[in-house]
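In case you want the letters, here they are:
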Number of protein chains: 4
Amino acid sequence: MSTNDGRPTVGVAGGSGYTGLELLRILARHDGVRVAFATARGDAGCESPVVGLAFADLGPDRVADVDLAFLCLPHGAALPWVQAARDAGVRVVDLTADHRPGSGREAGAVYGMTELTEAHLPDAGLVANPGCYPTGVILALAPLQAAGVIDDARPVVIQAASGVTGAGRSPRRDLLFAEVVGDFRPYALGNGHRHLLEMRAMLPDLQLLFTPHLLPVARGIVETIALPVRGGVDAAEVRATWRERYASSPCVRVDDDGEVPRLARVAGTDEVHLAVFDNEALEAPTLTLVAALDNLGKGAAGQAVQNMNLMLGFDAGRALRCGQR
Amino acid sequence: MSTNDGRPTVGVAGGSGYTGLELLRILARHDGVRVAFATARGDAGCESPVVGLAFADLGPDRVADVDLAFLCLPHGAALPWVQAARDAGVRVVDLTADHRPGSGREAGAVYGMTELTEAHLPDAGLVANPGCYPTGVILALAPLQAAGVIDDARPVVIQAASGVTGAGRSPRRDLLFAEVVGDFRPYALGNGHRHLLEMRAMLPDLQLLFTPHLLPVARGIVETIALPVRGGVDAAEVRATWRERYASSPCVRVDDDGEVPRLARVAGTDEVHLAVFDNEALEAPTLTLVAALDNLGKGAAGQAVQNMNLMLGFDAGRALRCGQR
Amino acid sequence: MSTNDGRPTVGVAGGSGYTGLELLRILARHDGVRVAFATARGDAGCESPVVGLAFADLGPDRVADVDLAFLCLPHGAALPWVQAARDAGVRVVDLTADHRPGSGREAGAVYGMTELTEAHLPDAGLVANPGCYPTGVILALAPLQAAGVIDDARPVVIQAASGVTGAGRSPRRDLLFAEVVGDFRPYALGNGHRHLLEMRAMLPDLQLLFTPHLLPVARGIVETIALPVRGGVDAAEVRATWRERYASSPCVRVDDDGEVPRLARVAGTDEVHLAVFDNEALEAPTLTLVAALDNLGKGAAGQAVQNMNLMLGFDAGRALRCGQR
Amino acid sequence: MSTNDGRPTVGVAGGSGYTGLELLRILARHDGVRVAFATARGDAGCESPVVGLAFADLGPDRVADVDLAFLCLPHGAALPWVQAARDAGVRVVDLTADHRPGSGREAGAVYGMTELTEAHLPDAGLVANPGCYPTGVILALAPLQAAGVIDDARPVVIQAASGVTGAGRSPRRDLLFAEVVGDFRPYALGNGHRHLLEMRAMLPDLQLLFTPHLLPVARGIVETIALPVRGGVDAAEVRATWRERYASSPCVRVDDDGEVPRLARVAGTDEVHLAVFDNEALEAPTLTLVAALDNLGKGAAGQAVQNMNLMLGFDAGRALRCGQR
């Protein structure tokens, strides 16, 4: 259902959560597509970030009105929309966990970790948009595993910290301002966070130990990774591997030697920053990697638009906040 | 120089930094001692947290006026005060790094990690008060190393996050509110933080990989530790080891199974909270430990008063914020 | 129902909101009373801030178990507890709005603005604890109105800013961390905030224009008041009036000429700070007053304990955080 | 010195403070001009927000290299740059206070309150960019004074709150994160803030009482104004006056009846939001106005670019963040 002017139309199911709002803000700046609808139950009738477009309480049958639909729904709620889209021949970028690697339903979907699967995106009907934590971890580790530099006899220790928008916009006492300000909390202890399914599926044979923490900031993720490597592997080699792998991506920045990622540099952008450091005084060779990204940007809505760009034949970085300062 | 009423007198050198202010607040509540002076160069003449006591710009010669002196000075500035105190027979709690294990000047000092060295405190002339990060790490690991549960062939991966008061009160652009709010930054990458000297001295033969981060909160530290253990060691064993070791300490709380430390519970207290978790799906057995404390409390001023209490014959927890909610 | 040791017992209805928690923290430090129960529906079974006391889901009939009950309930929910207490001859400090001046039910209650009504507290059966905003406004203005310095032909313009704990602990989307951080919002525009009933009842004949704002901080209130005064009235006169009126109160601090209240100095205390300033270049004589207090301290739980202290014959400031730095 | 491609060139003196950085970020998005230099003493050699442009330590003589220069210097430091620009025939937007109304040096400058002086901008050689606080106050009040609705016998009570970037980026202890977080402070008490010179010059015959406060946020200003009006004037009339006056401005948004401005909606934008409310229960008719803007956007760099746009013949809102959500 392209518009009169020939631009493809898109719809957003679940537009009033943090991810949906961010997606609509990016799409509002994207002059290659037109947003035809944005659904929201509780906020129906309220203005969306797209000028002139109010949220509406619409069901999956309306997916037929657009060329491509984004699903920013609660995990588990994507299925009726995906079914309706399949019936109508409409393409989908699914931001829920429902079709991600490790979900058990990944078979019919292309995994939308853009830099790793871009060849499959132009023809994809259903794209499973990655989780926020896996985005940094997998982009950092997948090329290194392929290059054979990781010592898989030891665990890869990943400690992550995320802003609260990662926990959604539904009211919860533990997410009230007065509960979060001045606090910092590990959670999902015991190595059982659900994002591990996705990480393990994409990084088979690695022992991943993942501990997330809740930061008193609105948005952004920093992942600090202690990476066991084979003898002789150093930071320079890792940096070179990343640079070669991500040379053409507008959304991945590999920091120079000595540069240190910080959350404030990536918040509000669609980039992921990768950095690597040699460590003194360890017998077992171990590098420290840092990945920083905005959980709403490259970790969700930004990557969804990056995927849409390749699905629809646009430049990967169109309308995205990449390469800026 | 006890007071007329028989209470010992104390002085604080460097009272207008964050640690000095916190120390004075605790001492103001301590009815077993009297604060005779608090020095501060730039703030001389301003009121201190002790009612009726203004900051003064005094030199080391004044140490002879008191029974015990606390040094909250820049690192490297303790030496003339320690010398003057030694000459005058005055006892010292040195909160600088100048006499800590690994400093090269630890010989004449008792290390004031209270729970580990309490037997030596009643007779100590010079106590080296521990660093904030080492307090959590060493209290968590020392009993476990003694118990032989750690696998020292693999690194102990310690990722820590601290509030900004840990960086001091001198004006710096990178610590301005607008630079820190919404940010989260790793620093001292490469395993070279100076607190590693102290940790390594107290935990010999362990491979420690330590990465601190700056949190957008005023105070508090959370340290999340991936601990390689020998086969068969589990969280319950670690918890039991801690509970036995710290049974009599008012300032160490070992969390129950399932409890998760959070910074907000320890900020403003003089406690350290320790917790331990088993991890799923790892071949190389690895537990996750969490230590949480206030960098100004148990991590500095609180522990300094705890040490003073034992030096002067008071109960360890007197005037401290321990065992409250 | 005094305890075996002769200490009166108290109970707290609604102990797991921010006011209830703060009240229990203060009572836990008060060695003149014993907390017999703390109710909470959703948190029944969880530990309260009083060591050894779990929250329980109890009804008004249990009020008979104590000598004095605090009601930290939603507005409108105090009535059955007050009735049960009256029947059982139990004294009550009601922290809801249900019996405050202007509520229509103030007849049988003593208004607990401690400094203004202290003579009536020793014999009071039911004390209506003031609202947080009215506490600063009424303590600042009542002595000035009595002294005849206010020009009541012009409005008194009160602009207030409060931390989010003033809005309660029930989950609300607009109070989530990610909604509040970085924000500042006026609310209750149009001069219709319900606290105006209480202010107007205590400050008759003044034209009060009150605009509150929500601050991105957990706790504390600053009220900045443009006060129209009669010709010749200056800041020194106002300051002298306050000092005379509040000479004996441990919880009211009148700042010196040139001192400026700030929220950080009162947060976590049970004090209110009052300051006054002359203004340049105005034909219509107008002073600026500033009142600062903790909405949970002097603005709620602190004042409730201050009232209890006078009801039970203790010193007014017992267990309160007043006169400290 | 237009570029080869015909685009005018601009330079920024003082580019590494908060205003300079924001200005460079906006200019980096402006495809109608090219940034030729950005000066900064302490940060010379560091990357600026304009890709490929490093900060340089340059003096006023370099102003001749560009068509238009922005001065983001400390107050008082603009004069040598303005002189050099005049000699070289280069146009200037001066963001310091040096040529603003009330400064005593406003004679040769056009005041850059864009909506009020736009007719003079196309030919202006020197534009005095307004202060952040005056921008909201003057845009709100000037049309109302012109319409004769204000009762000038009573003071206009303006209470403002600003994020800390308004205080600059030079290190100061009172602006450290740990000093500002959790705090809220009035300042410049006594009606002596220097921005009053500018407000009074543009709003003659009004009695302005202005009290600013420091907010624990990075950016944004909310100004809440109690406006004495003549009998019969209501919010609807004020709203209509604003709407007529600002009908063509992309940067001024007049809120609908019932809408309430909040800082989070304007932070990061170049808009100012204006709202007005009737008040209950006051004998002396008084409306409440609220103006909200980003101190770095419409309050500084955004308005500077808006002025440049009109000086150079672009649309007023080009490259600005206006009309978005």
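The structure we're discussing is the one just above.
This text gives an overview of the structure that appears in the document. The structure presented is a predicted model; accordingly, all values stated were derived computationally and were not measured.

Reading guide: rules and limits
Residues numbered from 1 in each chain as written. Chains lettered and ligands numbered in written order. Predicted model: local features only at pLDDT ≥ 70, side-chain atom pairs only at ≥ 80, totals over all residues. Heavy atoms only, no water. Helix = DSSP H or I, 4+ residues; strand = E, 2+ residues; numbered from the N terminus. Buried < 20%, exposed > 50% of the residue type's maximum accessible area, 1.4 Å probe, protein only. Polar contact = N/O pair within 3.5 Å; in protein donor to acceptor, adjacent residues only side chain to side chain. Contact = heavy atoms within 4.5 Å. Buried area = accessible area lost by both parts, 1.4 Å probe. Salt bridge = Lys/Arg side-chain N within 4 Å of Asp/Glu carboxyl O. Nonpolar A, V, L, I, M, F, W, Y, C, P; charged D, E, K, R; others polar. Least-squares fit on C-alpha atoms with pLDDT ≥ 70 in both.

Notes on unusual backbone geometry
For step 1, the next point in the chain: The backbone phi angle of A:A319 is positive, close to 70°, even though this residue is not glycine.
For step 2, the next point in the chain: Secondary-structure assignment places A:A319 in the segment after helix 9 (297-312).
For step 3, the next point in the chain: At B:A281, a position not held by glycine, the phi torsion is positive, near 65°.
For step 4, the next point in the chain: Its relative accessible area of 54% is what places B:A281 among the exposed residues.

Considerations on the side chain of C:D270
Residue and element names in this part refer to chain C.
For step 1, the next point in the chain: Its place among the elements puts D270 in the loop between helix 8 (263-266) and strand 12 (272-277).
For step 2, the next point in the chain: Engagement of the side chain of D270 in a polar contact is seen with the side chain of R321, the distance being 2.8 Å.
For step 3, the next point in the chain: Residue contacts for D270: discarding those within four places in its chain leaves I26, C251, G297, K298, G302, L320, R321 and C322.

Comments concerning the interface of chain B and chain A
For step 1, the next point in the chain: Listed per partner, the contact involves 45 residues of chain B and 45 residues of chain A.
For step 2, the next point in the chain: Here chain B meets chain A over a buried area of about 3500 Å², counting both sides, of which 63% is carbon and sulfur.
For step 3, the next point in the chain: At the boundary of chain B and chain A, one finds two salt bridges.
For step 4, the next point in the chain: In this structure, the salt-bridge partner of B:D183 is A:R262, at a minimum N-O distance of 2.8 Å.
For step 5, the next point in the chain: At the junction of chain B and chain A, the tally comes to 24 residue pairs in polar contact (both at pLDDT 80 or more).
For step 6, the next point in the chain: Of all elements in the fold, only strand 7 (156-162), strand 8 (185-186), strand 9 (208-214), strand 10 (221-228), helix 8 (263-266) and strand 13 (286-293) of chain B reach the threshold of two or more residues within the side of chain B that touches chain A.
For step 7, the next point in the chain: Counted by class, the side of chain B that touches chain A contains 24 nonpolar, 12 polar and nine charged residues.

Some details on the relation of the copies chain B and chain A
For step 1, the next point in the chain: Mapping chain B onto chain A calls for a screw motion: a turn of 180° about the axis and a shift of 0.0 Å along it, with 0.0 Å RMSD after fitting. The transformation relating the two chain copies, once decomposed into turn and shift, fits a two-fold axis.
For step 2, the next point in the chain: The fraction of interface residues of chain B whose copies in chain A are also interface residues reaches 100%, indicating that both copies meet through the same surface.

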